[in-house]
Amino acid sequence: MFKNPLVERFGTGLTPIGIIFSIGIVMLGLSAAILGTWVERAGPRTAMFTAALCWSGGFFIGALGVATTQLWLVYLGYGFLGGIGLGIGYISPVSTLIKWFPDRPGLATGLAIMGFGGGALIASPLSSTLLEAYASNPVDAIVPAFLTLGAVYLVAMMVGAFVVRLPAEGWRSEGWTPPTEEETGSLQTTADVSASSAIRTPQFWLLWTVLFCNVTAGIGVLEQASPMIQDFFSVEAAAAAGFVGLLSLANMAGRIGWSSTSDYIGRKPTYIMYLGVGAVMYFLLASFGSASLALFLLVSIVILSFYGGGFATIPAYLKDMFGVAQVGAIHGRLLTAWSAAGVAGPLIINAIADYQTAAGRTGADLYTLSLFIMVGVLIVGFVANLLVRPVDSRFHMEREEGREREASVSGRPAGSET
Amino acid sequence: MSESESRGSGGQTSSSTVLAVVLWVLVLIPLLWGVYQTLTGVVALFS
C-alpha cells in the first residue's frame with residue numbers, strides 16, 4: 001500500500017524503498033534469534049510490551065522520516081525498530097499458547113501464527129482506507145496514516161500484553177494426561193533441549209532448510225501474484241488485486257487449518273505434504289497454469305495454504321523435536337530462515353523475471369523458469385524433511401545438567417570428552 | 001513484569017470467561033472486516 005506513495009514522496013526508485021521492507025524482514029529474523037532466549041526468560045507480557053513499543057515506535061519514527069524527507073529515518077523506524085518489534089511480537093505468543101494447549105500444539109501454533117496472517121488482512125484495507133481518507137493524494141496521507149497505524153497498534157498490542165498469562169506450572173487440559181515415551185511417536189520427545197544445544201543438532205538445520213525452502217517457494221508466487229495472473233489471463237488490475245486478496249485468505253486459512261491437522265497426522269507427514277504436493281502444484285502451474293483460470297486459481301490457493309501452513313506448523317514441529325522448555329527461543333533462531341528466504345526469494349524471482357523479459361519472452365513464458373526452479377527448491381526441502389530423525393538424547397537438558405553436575409564433582413569442564 | 005507475575009493459575013472463573021469473550025470480539029470484529037474487504041476485492045476476479 002505504501003510502496004508507490006513512498007517512491008513518489010522520496011523521488012526515488014522501487015529499490016531504495018524496497019530496502020525498508022528488507023531491513024524489516026532481516027531484523028525480524030535477527031531479533032527473534034538473538035532475543036528469543038530473553039523472551040523465554042522475561043515472559044510473554046514483558047516481551048509483548050517491548051514489541052508494542054518497538055513496532056508502534058517504528059511507525060512514529062517512520063512518520064518523522066517521511067515528514068522531513070529523511071529516508072534513513074524510515075529505514076531506522078519502520079525497518080530497523082519495527083522489524084525488532086515484529087520479531088519479538090511474532091515469537092512471544094507461540095510458546096505461551098503451546099503451554100496452554102499441551103495436547104494440541106499444532107492448533108496452538110496455528111492460532112498464534114494465524115494472527116500474523118490475519119493482521120495482514122486487516123492492515124492492507126485499513127492502510128488503503130487511511131490513505132484515501134486523509135488526503136486526495138496518497139503521498140500527503142502517508143504521515144497521518146503512519147501516526148494513526150502506530151497509535152492503533154500501540155493500543156491493540158498493549159491490551160494483548162496486559163491480559164496475556166502463562167499457565168501455572170504443570171497445568172494441563174481437563175481430562176488429558178501427558179503421553180508416555182512409548183505412547184508418543186518416535187519424533188515426539190518427552191525431554192527438553194536448550195536453545196544453545198538445539199542449534200548444534202542436525203535436526204535444527206534440517207528444519208531450517210525445510211522452512212527456508214517452503215518460504216522461498218511461497219514468495220515465488222506471492223511476489224509475482226498480481227503481474228502473473230495479468231500475464232497469464234490478461235485480467236484487469238482490480239481482478240489481479242482480488243487474486244492477491246484470495247491468496248491472503250488461503251495463506252491465513254492454511255495456518256490454522258493445516259497446523260491443526262498436523263496434530264492428527266503428525267508433523268513430518270504434514271511437511272511431506274507441504275513440500276511434496278507443493279512441488280507437484282508448482283509443476284502443474286508451470287506446465288498447465290495458463291490453460292485454465294480455474295486450475296490456476298485452485299493450484300495457487302493450495303500453494304499459498306501450504307505456505308501459511310509451513311509457517312504455523314514449524315513451532316509445533318520444534319516442540320516435538322526439542323520439547324517445550326525453550327521452544328520460543330529455538331523458534332526465534334529458526335526464523336533466520338524466513339529472513340534469508342525473504343531476502344533471497346524476491347532477488348531470485350526478480351532477477352529471473354528481468355532475464356526472461358530481456359530474452360524477449362512474454363505472457364506465461366515469463367514465469368515458467370522461476371516456477372520450475374521453485375519445484376527444485378521444494379524437492380530440496382522435501383529431502384531435508386525426510387532426513388529428520390529424533391534428537392540424540394545427549395542433547396537433552398536433563399542429561400546436560402547431569403554432565404554439569406558430574407563435571408563439578410570431577411572438576412572437569414562440562415562437555416569435555418575423555 | 002517477570003514471568004512469575006504474568007503466570008495465571010490456569011483455573012477458569014466467570015470473570016476470565018467474560019474477558020475471553022470480550023477479547024475474542026475485539027479480535028474478530030476487525031478480522032471479519034478485513035476478510036469482508038478482501039472478499040469484496042476477490043469478487044472483481046470473478047465478475
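Residues numbered from 1 in each chain as written. Chains lettered and ligands numbered in written order. Predicted model: local features only at pLDDT ≥ 70, side-chain atom pairs only at ≥ 80, totals over all residues.

**Some words on the overall build of chain A**
Each helix and strand in chain A was counted, giving 16 helices and zero strands. Relative to its length of 418 residues, chain A is compact, with a C-alpha radius of gyration of 22 Å against a globular reference of 22 Å. Overall, the C-alpha framework of chain A stretches about 70 × 50 × 45 Å when taken along its three principal axes. Considering only contacts in chain A between residues 6 or more positions apart, those separated by 24 or more positions represent 80%. (Helix = DSSP H or I, 4+ residues; strand = E, 2+ residues; numbered from the N terminus. Rg over C-alpha atoms; globule rule 2.2 N^0.38 Å. Contact = placed C-beta atoms within 7 Å.)

**Some words on the overall build of chain B**
The helix and strand tally for chain B stands at one helix and zero strands. Across the 47 residues in chain B, those meeting the buried criterion constitute 13%. (Buried ≥ 20, exposed ≤ 12 C-beta atoms within 10 Å, placed from the backbone.)

**Overview of the interface of chain A and chain B**
At the junction of the two partners, chain A supplies 26 residues and chain B supplies 22 residues. At the level of secondary structure, the elements contributing two or more residues to the side of chain A that touches chain B comprise α3 (44-67), α5 (105-134) and α10 (237-265) of chain A. Per-element accounting of the side of chain A that touches chain B gives the leading share, nine residues, to α10 of chain A. Residues belonging to the side of chain A that touches chain B are distributed by class as follows: 18 nonpolar, six polar and two charged. (Nonpolar A, V, L, I, M, F, W, Y, C, P; charged D, E, K, R; others polar.)

**Section: the domain arrangement of chain A**
When the parts of a complex come together, some accessible area is lost, and that lost area is often used as the size of the interface. Residues and elements named next belong to chain A. The domain architecture assigned to chain A consists of domain 1 (1-166) and domain 2 (185-408). Using C-alpha coordinates to define each centre, domain 1 is positioned 22 Å away from domain 2. Between domain 1 and domain 2, the residue contacts involve 31 residues of the former and 31 residues of the latter. At the level of elements, α2 (14-42), α4 (71-100) and α5 are the ones that each hand at least two residues to the side of domain 1 that touches domain 2. Top element by residues in the side of domain 1 that touches domain 2 is α2. It accounts for 13 residues. (Domains from an automatic or database assignment.)

**Topic: the environment of Met158 of chain A**
All names here are of chain A. Structurally, the position occupied by Met158 is in helix α6 (residues 138-163). What makes Met158 partly exposed here is the crowd of 15 C-beta atoms within 10 Å. Between the C-alpha atom of Met158 and that of Ala279, which follows or precedes it by 121 residues, the distance is 41 Å.

**Some points on α10 of chain A**
Residues and elements named next belong to chain A. For α10, with 29 residues, the first-to-last C-alpha span of 40 Å sits near the 42 Å given by 1.5 Å per residue. Roughly 30 degrees is the biggest bend found in α10, and it falls at Gly254. In terms of burial, α10 is largely enclosed, as 21 of its 29 residues are buried. Residue Gly266 follows α10 closely and has a positive phi angle near 95 degrees. (Expected span 1.5 Å × (residues − 1). Bend = angle between axes of the 7 residues up to and from the residue.)

**Some thoughts on the nonpolar core**
Residue and element names in this part refer to chain A. Leu207, Leu211, Tyr282, Leu318, Leu334, Ala337 and Leu378 are the most contacted members of the largest nonpolar core, which has 130 residues in total. Among the elements that take part in this core, helix α12 (residues 293-322) stands out by supplying 14 residues, more than any other. If we skip the residues at most four places from it in the chain, Tyr282 touches Ala217, Ile303, Leu371, Met374, Val375 and Leu378. (Core = buried A, V, L, I, M, F, W, Y, C linked by C-beta atoms within 7 Å.)

**Side note on the environment of Arg394 of chain A**
With respect to the helices, strands and loops of the structure, Arg394 of chain A is situated in the loop between α15 (365-386) and α16 (397-410). The spacing of Arg394 of chain A and Met114 of chain A is 280 residues in sequence and 35 Å in space, taken between C-alpha atoms.

**Digging into the confidence of the model for chain A**
Residue and element names in this part refer to chain A. Residues of chain A with pLDDT of at least 70 account for 94%, and the chain-wide mean is 87. Across chain A, element-level confidence peaks in α3 with a mean pLDDT of 95 and bottoms out in α16 with 50. This model gives residues 402-418 a pLDDT under 50, and the stretch forms six contacts once residues within four places in sequence are excluded. (pLDDT = per-residue confidence, 0-100.)

**Re unusual backbone geometry**
All names here are of chain A. A positive phi angle is found at Thr69, which is not glycine, with a value near 55 degrees. With respect to the secondary-structure elements, Thr69 resides in the loop between α3 and α4. We note that Ser234 has phi near 55 degrees; this positive angle belongs to a residue other than glycine. By the C-beta count within 10 Å, which is 9 here, Ser234 ends up exposed.

**Here we look at the environment of Val377 of chain A**
Residue and element names in this part refer to chain A. Among the secondary structure elements, Val377 is positioned in helix α15. Given 24 C-beta atoms within 10 Å, Val377 falls into the buried group. For the pair Val377 and Thr216, spaced 161 residues apart in the sequence, the C-alpha separation amounts to 7.7 Å. Not counting residues up to four positions away in its chain, the partners in contact with Val377 are Cys213, Thr216 and Ala217.

**Some thoughts on α6 of chain A**
Residues and elements named next belong to chain A. When the terminal C-alpha atoms of α6 are compared, their 36 Å separation across 26 residues agrees well with the 38 Å that a helix rising 1.5 Å per residue should span. At Pro144, α6 is bent by approximately 30 degrees, the largest bend along its length. Residues of α6 that are buried include every one of Pro138, Ala141, Ile142, Ala145, Phe146, Leu149, Gly150, Tyr153, Met157, Gly160 and Ala161, and no others.

**Things to note about the packing of α10 of chain A against helix α11 (residues 267-288) of chain A**
Residues and elements named next belong to chain A. Direction vectors running N to C along α10 and α11 enclose 130 degrees, while the axes themselves pass 7 Å from each other. The orientation of α10 with respect to α11, classified from their angle, is oblique. Every residue of α11 that contacts α10 at Trp258, Thr261, Ser262 and Ile265 is listed here: Arg267, Pro269 and Thr270. When its residues are assigned to classes, the contact of α10 with α11 shows three nonpolar, three polar and one charged. (Axes fitted to C-alpha atoms, helices over the stretch in contact; angles between N-to-C directions. Parallel < 35°, antiparallel > 145°, perpendicular 65-115°, else oblique.)

**A closer look at the confidence of the model for chain B**
Close inspection of predicted coordinates is inappropriate for parts of the model with low pLDDT. For chain B, per-residue confidence averages 77 on the pLDDT scale, and residues scoring 70 or more make up 72% of the total. Note on the complex model: pTM 0.85, ipTM 0.76.

**Details of the packing of α4 of chain A against helix α13 (residues 327-334) of chain A**
Residues and elements named next belong to chain A. Remark: α4 packs on α13, axes separated minimally by 9 Å, with the N-to-C direction vectors making an angle of 140 degrees. Between α4 and α13, the angle falls in the class oblique. Both α4 and α13 take part in a crossing whose hand is right-handed. Side by side, α4 and α13 meet where Ile91, Val94, Ser95 and Ile98 of the first sit next to Val327, Gly328, His331 and Gly332 of the second. Here the contact of α4 with α13 is composed, by residue class, of four nonpolar, four polar and no charged. (Left-handed = near helix turned anticlockwise from the far one by under 90°.)

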